[in-house]
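Summary of the model geometry
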Amino acid sequence: MIAHPIGSVAFDDGLLAKELETIERQATTPCTGYAHGSWAKCILAMRHAGESELRTKPAGEAAPHLMERIRTTFAMTHVKVVQLFAASNGGFVRPHVDWKADAPLCTRLHVPLRTNRYAFNSEDDVVFQMGYGEVWFLDASRPHSGGCFSTDTRLHLIVDLEAADSLESVFAERSEYAPSRHLDAVALPELTSTDRSAIDGLAKLVTDANLGTMLDFLGAIHFQRRVDCAQTYEWLLRIAEGSGDAHLVSRAREYRRMYLTPFE
Amino acid sequence: MMGARCLGAIRQYSALAPAEIQALIARKKFPCADAAGEWGFCDLWTGPAWTGKAPALDVEAVRRELPTLLQCVEDAFDVSKLAIARVFSAARYGFIRPHRDWMGSEVPFTRLHVPLQTNPRALNFEDAVVYHMNAGEIWYLDGSRVHGGGCLADEVRLHLVLDFAPQAAPEDVLRDRAAHASGPPLPLSRPAMTPAQRAALRDLRPLLGRATLSPLTDLLGTIHYDRQIDSAAAYDWLCAIAADGGDPETIENARATREKYLGPANRSS
């Protein structure tokens, strides 16, 4: 497990809650294609190629307290983009990797701004929860996912900085760096042989119409069973092979490539 | 007897400017919480019968941007009875879960679909019948029946959706009723569900829980596209799988999902 908390941000809870309500109502854009259900995002600020200054977007302007806390906490000269990810009602992002371990596109930090007991993240075979205001480093070269299985919306601040050799350098003040190996991992039952048989049995039902929804179903299983989230794609491929349909096998292989080795 | 039926076709469909269809595809769409994958809608303009809470939308702005589309609509329909015109877009296996728009006698609208861009894998359904609407055809959809639709291919399917005043009969909103021929959908032939397939669904019981309920609902909501089965069966299966699993929270969530889309369980589906 590589993801871990590296510090925290203190907010004025009342001010933050008001700002988040405004952004949530006006500015989040739903994501489809790689997410299931209610999963949306919103860019607060961005540094365009060749520019030295981070440009605050309208959603960021609607959240002066949040932006002030970001500016005082993080090394702004290294920040590339600041976003919000919103998930609710079973919305989750399919297990995926974002880049190769030896070629990170950025250093990605998560800061939960609003969360609940059914908001989870995962890396490999570990499902964990992040606390409000904690700054988490996520290694996006590992298969990972995240979602919220409550009607309450989970909101994470995502800060992408230039890929750093040292996590200390992501903070405005190096003294803010306070790594912890304490992990609030969710205890999950192991995948049983009955579970595996049920998954394999989907070969009787898989078609071109439902391959994508089957992927979403398989991608959610690791939130309930202790199993590597990347297994999603091995199961899907085995189901497709079990159907005897070459087109489905080809699509399942493409899903696996798209989500686990997009850089190859 | 089917509620959905084809009322005919827009004769001027061929006059529709392709650039207008592309403009509609490019417009920002809003998602629907009851959809899976890429499915979105956007409002175009409101008519005299609009009674919704949202502000009316000026038709003149649409006339400037989409002149041939508006001409087609005004030539084919009695727009004095129009409440709102929208587009529904589906692509890359996006679909709407089986649902009812209303129950009982209080009908909120008379809804017509006109496919503007489609493909053979763009399908609609009502109860156990799955069918395809051809481009330019005018279709009435009975929202009190269990129905839905989607695009089970990578292409974009674009439907113009016209909601007329609820008291307007579908045929009465056509300007030239005599020029149109009404007919039921041509059902897509699908093989029956086998006992092994039914068993495979029930075998999913240990895997159904809080995280998997929503994606399993979507999965079950696609089975009828390929198997001769009532689309409402998705929710019966969901409830049966949950009941087999025995977890009270999951049983309640499955029941609530069924009720959300089909209405209270004591009503026939």
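Residues numbered from 1 in each chain as written. Chains lettered and ligands numbered in written order. Predicted model: local features only at pLDDT ≥ 70, side-chain atom pairs only at ≥ 80, totals over all residues.

1. Digging into the overall build of chain A
Along its length, chain A carries 7 helices and 11 strands. Taken over C-alpha atoms, the radius of gyration comes to 19 Å for chain A, in line with the 18 Å a tight globule of 264 residues would show. Once the C-alpha set of chain A is aligned to its principal axes, its extents read approximately 55 × 35 × 35 Å. Of all 264 residues assigned to chain A, the portion counted as buried reaches 44%. Of the contacts made within chain A by residues no fewer than 6 positions apart, 76% connect residues no fewer than 24 positions apart. (Helix = DSSP H or I, 4+ residues; strand = E, 2+ residues; numbered from the N terminus. Rg over C-alpha atoms; globule rule 2.2 N^0.38 Å. Buried ≥ 20, exposed ≤ 12 C-beta atoms within 10 Å, placed from the backbone. Contact = placed C-beta atoms within 7 Å.)

2. Examining the overall build of chain B
Within chain B one finds 7 helices and 10 strands. Computed over its C-alpha atoms, the radius of gyration of chain B comes to 19 Å, within 12% of the 18 Å expected for a compact globule of 269 residues. Principal axes of the C-alpha set define a box for chain B whose edges measure 55 × 35 × 35 Å. Put simply, chain B has 269 residues, and 44% of those count as buried. A separation of at least 24 residues holds for 78% of the contacts in chain B among residues at least 6 apart in sequence.

3. Side note on unusual backbone geometry
Generally, phi is negative for residues other than glycine and the peptide bonds are trans, each holding for most cases. Residues other than glycine seldom take positive phi values, yet A:Asp124 does so here, at roughly 50°. Looking at the secondary structure, you find A:Asp124 in the loop between β7 (119-123) and β8 (126-128). Of the residues examined, A:Asp124 has 19 C-beta atoms within 10 Å and is grouped as partly exposed. Within the chain, B:Tyr93 stands out as a residue other than glycine whose phi angle is a positive 70°. In this structure, B:Tyr93 sits in strand β4 (residues 82-96). Look at B:Tyr93 and you get buried, because 23 C-beta atoms sit within 10 Å.

4. Some words on the interface of chain B and chain A
Every contact between the two is made by 29 residues of chain B and, on the other side, 30 residues of chain A. If you list the elements that add at least two residues to the side of chain B that touches chain A, you get β3 (35-46), β4, α4 (195-202) and α5 (213-220) of chain B. By residue class, the composition of the side of chain B that touches chain A is 17 nonpolar, 6 polar and 6 charged. (Nonpolar A, V, L, I, M, F, W, Y, C, P; charged D, E, K, R; others polar.)

5. Some points on helix α6 (residues 233-245) of chain B
All names here are of chain B. Counted at 1.5 Å a residue, the expected span for α6 with its 13 residues is 18 Å, and the 18 Å between its end C-alpha atoms agrees. Buried residues of α6: Ala233, Ala234, Tyr235, Trp237, Leu238, Ile241 and Ala242, and no others. In the core, the buried residues of α6 are packed alongside α4, α5 and α7 (248-262). Remark: Gly246 follows α6 within two positions and exhibits a positive phi of approximately 85°. (Expected span 1.5 Å × (residues − 1).)

6. So, the pairing of strand β8 (residues 137-141) of chain B
Residue and element names in this part refer to chain B. Looking at chain direction, strand β1 (residues 5-9) and β8 are connected through 4 bridges and run antiparallel. Bridge pairing in β8 places Gly8 opposite Ile138. Sheet topology places strand β5 (residues 110-117) next to β8; 3 bridges connect them, and they run antiparallel. Pairing of Leu112 across the sheet is with Tyr140, part of β8. (Pairing = 2+ DSSP bridges.)

7. Considerations on the nonpolar core
Ranked by size, the top nonpolar core spans 94 residues in total, and within it A:Met214, A:Leu236 and B:Leu238 carry the most contacts. Top element by residues in this core is strand β5 (residues 79-96) of chain A. It accounts for 8 residues. For B:Leu238, the contacting residues outside a window of four places in its chain are B:Leu216, B:Thr217, B:Leu220, B:Ala254, B:Thr257 and B:Arg258. By size, the runner-up hydrophobic cluster in this structure holds 55 residues, among which are B:Ile21, B:Ile96, B:Leu162 and B:Val173. (Core = buried A, V, L, I, M, F, W, Y, C linked by C-beta atoms within 7 Å.)

8. Points about the environment of A:Ile199
Structurally, A:Ile199 can be placed in helix α4 (residues 193-201). For A:Ile199, the residues in contact, after removing those within four places along its chain, are A:Leu218 and A:Trp235.

9. Focus on the environment of B:Tyr225
Note that B:Tyr225 resides in the loop between α5 and α6. When the C-alpha atoms of B:Tyr225 and B:Arg258 are compared, they prove to be 19 Å apart, with 33 residues separating the residues in sequence. Every residue in contact with B:Tyr225, bar those within four places of it in the chain, is listed here: A:Ala209, B:Leu123, B:Val130 and B:Leu152.

By themselves, these figures tell us nothing about what the structure is for.
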